Amino acid sequence: MAFFRNAAHNIRRTMENDPAAHSRIEVLLLYPHIKAIGIHRIAHACYRMHLFFLARLISNIARFWTGIEIHPGAKIGRGFLIDHGMGVVIGETAEIGDDCQIYHGVTLGGRGTAHTKRHPTLEDGVMIGAGAKCLGNITIGKGAKVGANAVVLQDVPPYATAVGIPARIITAQEKEEKQRQD
């Protein structure tokens, strides 16, 4: 039952956040992130049962079908939205909280080869812009935002905004100045 409640929440959240979404049936049948997340939940269940080959096979089918690569070991909360998901990569020890949103080309990648936590943790309500790379065992705090094409190698505090290569935290004053310039 949780599987269907989570799917319904993901569809509802997509309808609320994507002005191009016209109906729930359209989102269910045509939005790749809905398929990728649903298939991931099946692969993740196999992974937890130590059916590693089957889990990887299922996740590879999802990658082929959707262009979104989610390792079956990754932990994903409810309401995860991947807008224009092509090229998204989510690593094995990544953890994604509830109601997070990422855009195409985002990588939640690992650093190191040890069998430890080596991928990012996204707390609830995080938004990551297109092409951003979040690498290593870092935490992106609740409600934080990561700008497009940023490379994040260190923790981002809750409700902060990180931009640049390597990413740095910008202040509210810098945000206001940037908006005036645009």
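Look up: the structure comes first, before these words.
Our subject in this report is the structure included herewith. (Residues numbered from 1 in each chain as written. Predicted model: local features only at pLDDT ≥ 70, side-chain atom pairs only at ≥ 80, totals over all residues. Heavy atoms only, no water.)

With that settled, the discussion passes to helix α3 (residues 32-48). Because an α-helix completes one turn every 3.6 residues, residues spaced three or four positions apart along the sequence face the same direction. Here α3 contains 17 residues, and its C-alpha end-to-end distance of 24 Å stays within 8% of the 24 Å for a straight helix at 1.5 Å per residue. Burial runs high along α3: 13 of the 17 residues are buried. Looking one or two places after α3, you find H50, whose phi comes out positive at around 65°. (Helix = DSSP H or I, 4+ residues; strand = E, 2+ residues; numbered from the N terminus. Expected span 1.5 Å × (residues − 1). Buried < 20%, exposed > 50% of the residue type's maximum accessible area, 1.4 Å probe, protein only.)

Overall, the coordinates contain one cavity of 30 Å³ or more when judged by the stated rule. Here the largest cavity defines a volume of roughly 40 Å³. In terms of lining, the largest cavity is formed by A36, I39, H40, A43, S59, A62, I68 and I70. Looking at which element gives the most residues to the lining of the largest cavity, the answer is α3, with four residues. Residue composition of the lining of the largest cavity, by class: six nonpolar, two polar and no charged. (1 Å grid on protein atoms, 1.4 Å probe; cavity = no way out; pocket = protein on both sides within 12 Å on 5 of 7 lines; lining within 4 Å. Points joined across faces, edges and corners; volume = space filled by probe spheres on them. Nonpolar A, V, L, I, M, F, W, Y, C, P; charged D, E, K, R; others polar.)

With that settled, consider the nonpolar core. The biggest cluster of nonpolar side chains holds 30 residues, and the ones touching the most others in it are F80, I90, I102, L108, L122, I128 and I140. By size, the runner-up hydrophobic cluster in this structure holds seven residues, among which are A43, C46, A55 and I58. (Core = buried A, V, L, I, M, F, W, Y, C linked by side-chain atoms within 4.5 Å.)

This next bit is on the sheet that holds strand β15 (residues 168-170). On the basis of which strands lie adjacent, the open sheet formed by six strands has the order β3-β6-β9-β12-β14-β15 and mixed pairing. Strands at the two margins of the open sheet, each flanked by one partner only, are β3 (81-83) and β15. Here strand β6 (residues 101-103) runs beside strand β9 (residues 127-128); their pairing, made up of two bridges, is parallel. Paired with I102 across the bridge in β9 is I128. (Pairing = 2+ DSSP bridges.)

This paragraph deals with the packing of α3 against helix α4 (residues 52-66). For the pair α3 and α4, the least separation of the axes is 8 Å and the interaxial angle reads 175°. Judged on the interaxial angle alone, α4 and α3 are roughly antiparallel. Taken together, the residues of α4 that come into contact with α3 (itself represented by P32, K35, A36, I39, I42, A43, C46 and Y47) are F52, L54, A55, I58, S59, A62, W65 and T66. For the contact of α3 with α4, a count of residues per class yields 13 nonpolar, two polar and one charged. (Axes fitted to C-alpha atoms, helices over the stretch in contact; angles between N-to-C directions. Parallel < 35°, antiparallel > 145°, perpendicular 65-115°, else oblique. Contact = heavy atoms within 4.5 Å.)

As a further point, take unusual backbone geometry. In this model, I165 is joined to P166 through a cis peptide bond whose omega is -15°. As for its placement among the helices and strands, P166 is situated in the loop between β14 (161-163) and β15. Phi angles above zero are rare outside glycine, and H84 is one such case at about 50°. Within the secondary structure, H84 is located in the loop between β3 and β4 (89-90). Even without being a glycine, D99 presents a positive backbone phi close to 55°. You can see D99 is positioned in the loop between β5 (95-96) and β6.

Further remarks concern a positive patch on the surface. Together, R5, R12, R24 and R78 make up a region of like positive charge exposed at the surface. Mapped onto the elements of the fold, R12 is located in helix α1 (residues 2-17). (Patch = residues over 30% accessible without salt bridge, like charges linked within 9 Å, V, L, I, M, F, W, Y side chains within 5 Å. Areas by Shrake-Rupley, 256 points an atom, 1.4 Å probe, with all protein chains shown as cover. Salt bridge = Lys/Arg side-chain N within 4 Å of Asp/Glu carboxyl O. Lys, Arg positive; Asp, Glu negative; His and termini not counted. Charge placed at Lys NZ, Arg CZ, Asp CG, Glu CD.)

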